[in-house]
Amino acid sequence: MSLFVVNRYLGDEEEEEESDSIRESHAQRLLARLQSKAKEREQRETSPKRAKEREQRETSPKRAKKRPAAEGGESGEPKQETDKPKKKKVKPTVTPEVPEPVKEEEPAGDKKKDGEKKKKKKKDRLVDDAKQITKTDEGGVKEKGGEMQKENQENQENQEAVVSEAVVPEAVVPTGFTVLGGFENKVAPKVHRVLPQWLAQPDLILRDIKRNLVAVGAVPGLSPATLKKLQDNGVTSFFPVQAEVVPAVLEGVAQGLLVGRGGYRPRDICVSAPTGSGKTLAFVVPLVQALSGRVVCEVRALVVLPTKELAQQVCKVCALYAEGSGLKVVMLGGQKSFAAEQTTLAEQRGGTWKSWRTSSWRRRAVWWTTSQDPGFRWNLLRSWGPLEGDEVTPPPPHPGGPLEGDEVIDEADRMIDSMHHSWLGQVTKAVFRAGSQGSSVFRRSEPTHITAASLTPPQMPLQKLLFSATLTMNPEKLQQLGLHQPRLFSSTHSGPAPSAGPASATSQERFNFPEGLTEYFVPCTLSKKPLLILHYILHMKFCPLLCFTNSRQAAHRLFLLVRLFGGVEAAEFSSRLSTAERKHTLRDFQQGKIQLLICTDAAARGIDIEGIKCVVNYDAPQYPRTYIHRIGRTARAGKAGVAFTFLLEVQRNNFLKMVEEAGSAGIKKHSVKHQLLKNMAPRYETTLKELASAIKDEKDQFRIKV
Ligand SMILES: Nc1ncnc2c1ncn2[C@@H]1O[C@H](COP(=O)(O)OP(=O)(O)OP(=O)(O)O)[C@@H](O)[C@H]1O
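Residues numbered from 1 in each chain as written. Predicted model: local features only at pLDDT ≥ 70, side-chain atom pairs only at ≥ 80, totals over all residues.

Asks: Looking at this structure, I do not really get the overall build of the protein chain. What am I missing?
Replies: On a plain count of helices and strands, the protein chain comes out with 25 helices and 19 strands. Classification of the 706 residues of the protein chain by burial places 34% in the buried group. For the protein chain, the share of sequence-separated contacts (at least 6 apart) that also reach a separation of at least 24 residues comes to 78%. (Helix = DSSP H or I, 4+ residues; strand = E, 2+ residues; numbered from the N terminus. Buried ≥ 20, exposed ≤ 12 C-beta atoms within 10 Å, placed from the backbone. Contact = placed C-beta atoms within 7 Å.)

This is the structure in structure tokens:
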């Protein structure tokens, strides 16, 4: 154990004077208390009752024998007082008020001397006090023998303890040191999460799409060409997210090249809006408008998406709006060889790679998919120049590479989750490196401290746009993206769930749910699940139905079972299938040729298929984000939709808690009567046997192939 003695500045004259008076009052209080005690005792001893008792005891020989000499057997103390020493209760005594000594002003030079004098005085006073205490005791106590003395000593100790606890220990032992207190263990106050202002106070997006449509003509900044394009594609009104975000993006890109705009960079934009709320058009429209004005052939924008299917879908929308603008939209999804992909971005002329200069391809945007093929993401960068640690001999640097304009990250939270690959950092580095090497007079250098030198050359800005229905509000994660003065558009507040306990309050985020969605959970057993799906299709006519499982094996098994049962047009969608097969399956589902699509989470994000009225979670999702994206395949664009989640008894409590904490408006129970499934039971039993042999056949075939 360590001992800490802290010598603290003892205060000026006034403080010392004050502590002196405190000490003096305590000495007097102590003295008064002891005097009154002694008096009480004296009175008790001299009372006639007491004298009688003493007399009786003295005459009893038995008692006299028993009494030990050490206790003063002859003094005649009552038995209970000697055998069982009573605990003395220290009663607070009323002390006479001590008037403050009158202070006289002294010249500063004499202060030190006076201090010493005062200390001596104080010491003398304490000695006097102690003398007086012994004197008072002597009168009554001496004759009562050692026991009384002992008691008085105890009393004094008790008193001192009380006094020292209440006031200052130095009053008893003047050491010249002040022992500081307050070192006891204290309960630390709980630290509450404080979000940066841009996250805590976002620009609000209204969730009710139908009641908050904004006529496209009323949105500022749209060019006549864009208005015409929107009209051609049947868009007369903007959804709330588009009405807010489109002008904000246009404002940022309107400046183009930053010549003489000293240090200005457009603010990065984050959007968190429900599934199906129209986020795609919110970035496609302003991007196409902004890039349509460019004449130099460069890669102008990069859109990063988590799956090939989603990249194809977004690429299609972009191509639709870019039509006739001279802007080329390219998708790089890793389907082709690297060389083939590279030629979609550049051509080799005179031994070096140059951007396409074909008149019809004067400007271009690149749509780029990642997570399905992680290795491929580097290919694009290589086309701009070698990466750090690149072992493969890269193609020569591509001078037309700098990404000017925007970098859009759709399904941003998913992309942040894959940040351990540090792909964004690599992209950004490549963008700035290519920008600084380019032959263009316009430079793109990584933003640093603003100085006269850094502001002199004209800059090409890089703006980042992030979109998701489940965008994280975790500032630490967002920080990894290196956002510049970000601005958030959101339909929810980032506060913790109301029912979440203190532990979960900080960890659980709340998300956006579509307005037209109704959620149900269906209590069931494992063996009832296939029957329930068949019941929803065959009896309740929920078609087309999108059914999610937690693995591709589960999806395949259920697909085989439904196919063997018969009567339902079913298909599966998972990584078991090739890209082309998945593409055809989605198209057939979109065209209404498939009633039941059994899929994995490969179809959970972003996939926009019109007319899906029902989503079933055949296997309960484990994370709130997965749940939100799955059920978000219905109730899109302000329409109504239902979502069912099959729950085993053991999953029920945790799942319901998770959904509530994620911000759901409420999930209702939907029970299916056993009677309704009973009719299908015999056929189902036979199907299960057929399924066992079908799976065995598949395994055999697989073995033969291998
Ligand atoms: N202004 C509009 N007018 C009519 N329909 C629109 C408009 N904006 C978007 N839509 C339609 O709404 C549907 C949903 O849009 P979108 O796919 O962009 O949603 P999202 O917010 O990106 O959804 P998710 O989060 O699931 O990816 C699409 O079918 C789209 O065509």
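Asks: How should I be thinking about the sheet that holds strand E18 (residues 641-647) in this particular structure?
Replies: Across a sheet, strands are paired by hydrogen bonds formed along the backbone, either parallel or antiparallel in direction. Taken in spatial order, the 7 strands of this open sheet run E15-E16-E14-E17-E18-E13-E19, and their pairing is parallel. Every other strand in the sheet has two partners, leaving strand E15 (570-573) and strand E19 (667-669) as the edge strands with one partner each. Here the average twist between neighbouring strands, direction ignored, is 25 degrees. Pairing between strand E13 (residues 517-523) and E18: 7 bridges, direction parallel. Opposite Phe521, over in E18, you have Thr645 as the bridge partner. Contacting E15 and strand E16 (596-599), helix H21 (residues 579-590) crosses the sheet at an angle of about 135 degrees to E15. (Pairing = 2+ DSSP bridges. Axes fitted to C-alpha atoms, helices over the stretch in contact; angles between N-to-C directions.)

Asks: Hey, could you run me through the site of the ligand in this one?
Replies: Taken together, 18 residues lie near the ligand, and Thr275, Gly278, Lys279, Thr280 and Ala637 sit nearest. When residues of the shell around the ligand are traced back to their parent elements, those giving at least two are strand E3 (237-238) and helix H10 (279-292). Here the shell around the ligand takes 3 residues from H10, the largest share from any one element. Residues belonging to the shell around the ligand are distributed by class as follows: 6 nonpolar, 9 polar and 3 charged. (Near = placed C-beta within 6 Å. Nonpolar A, V, L, I, M, F, W, Y, C, P; charged D, E, K, R; others polar.)

Asks: Teacher, can you tell me more about helix H22 (residues 624-631) here?
Replies: Think of an α-helix as turning once every 3.6 residues; residues three or four places apart then point the same way. In terms of residue burial, H22 counts as a mostly covered element, since 7 of its 8 residues are buried. Here H22 has its buried residues at Pro624, Arg625, Tyr627, Ile628, His629, Arg630 and Ile631.

Asks: What should I look at first to understand the nonpolar core in this one?
Replies: A general trend in soluble globular proteins is that nonpolar side chains are found buried together. Core analysis: the biggest nonpolar cluster contains 102 residues, and Val271, Cys547 and Leu597 have the highest contact counts within it. A total of 9 residues in this core trace back to one element, the largest contributor, which is H10. Ignoring any residue separated from it by four or fewer positions in sequence, one finds Val271 in contact with Val241, Val245, Lys279, Ala282, Leu466, Phe467 and Phe489. (Core = buried A, V, L, I, M, F, W, Y, C linked by C-beta atoms within 7 Å.)

Asks: Please explain the packing of H10 against helix H11 (residues 308-322) as it appears in this structure.
Replies: Describing two packed helices takes the angle between their axes plus the distance from one axis to the other. Two elements in contact, H10 and H11, have axes whose closest approach is 10 Å; the angle formed by their N-to-C orientations is 40 degrees. Classified by the angle between their axes, H10 and H11 sit oblique to one another. Crossing angle aside, the handedness with which H10 passes H11 is right-handed. Every residue of H11 that contacts H10 at Thr280, Val284, Val285 and Val288 is listed here: Val314, Val317, Cys318, Tyr321 and Ala322. The class makeup of the residues in the contact of H10 with H11 is 8 nonpolar, 1 polar and no charged. (Parallel < 35°, antiparallel > 145°, perpendicular 65-115°, else oblique. Left-handed = near helix turned anticlockwise from the far one by under 90°.)

Asks: Which parts of the structure should I look at to understand the packing of helix H9 (residues 240-253) against H10?
Replies: Direction vectors running N to C along H9 and H10 enclose 30 degrees, while the axes themselves pass 9 Å from each other. Between H9 and H10, the angle is such that the two are roughly parallel. The element H9 and its partner H10 pack so that their crossing is right-handed. Residues Val241, Gln242, Val245, Val246, Val249, Leu250 and Val253 of H9 form the contact with H10, whose participating residues are Lys279, Leu281, Ala282, Phe283, Val285, Pro286, Gln289 and Ala290.

Asks: Is there a simple way to explain unusual backbone geometry in this structure?
Replies: Backbone phi values are negative for most residues with the exception of glycine, while trans is the configuration of most peptide bonds. Cis peptide bonds are those with omega within 30 degrees of zero, and the linkage from Cys543 to Pro544 qualifies with -10 degrees. Along the chain, Pro544 falls in the loop between helix H19 (529-538) and strand E14 (545-548). A positive phi angle is found at Gln485, which is not glycine, with a value near 35 degrees. With respect to the helices and strands, the residue Gln485 is situated in the loop between helix H17 (475-479) and strand E12 (487-490). The phi torsion at Ala637 lies on the positive side, around 50 degrees, for a residue other than glycine. Relative to the assigned elements, Ala637 resides in the loop between H22 and E18.

Asks: Would you mind showing me how to read the pairing of E13 here?
Replies: Within a regular beta strand, the side chains point alternately toward one face of the sheet and then the other, so they alternate between its two faces. The pairing of E13 with E19 spans 3 bridges and is parallel. If you follow Glu519 over to E19, its bridge partner there is Ile667.

Asks: Would you mind showing me how to read the confidence of the model for the protein chain here?
Replies: Low-pLDDT stretches of the model should not have their predicted coordinates read in fine detail. Within the protein chain, residue pLDDT values average 72, and 57% of them lie at 70 or more. Ranking the elements of the protein chain by mean pLDDT puts helix H4 (residues 79-83) last with 40 and E18 first with 97. Taken as a whole, residues 62-111 scores under 50 in pLDDT and shows 44 contacts with residues more than four places along the chain or in a different chain. Scoring of the predicted complex yields 0.67 for pTM and 0.99 for ipTM. (pLDDT = per-residue confidence, 0-100.)

Asks: What should I look at first to understand the pairing of strand E4 (residues 269-272) in this one?
Replies: Side chains Ile269 and Val271 of E4 all project onto a buried face; the interleaved residues Cys270 and Ser272 project onto the opposite face, where all are buried too. Bridge count for E4 against strand E11 (residues 462-468) is 4 bridges, and the pairing is parallel. Bridge pairing links Cys270 to Leu466 in E11. Strand direction decides the pairing type here: E4 and E12, joined by 4 bridges, are parallel. Within E12, the position partnered with Ile269 by the bridge is Arg487.

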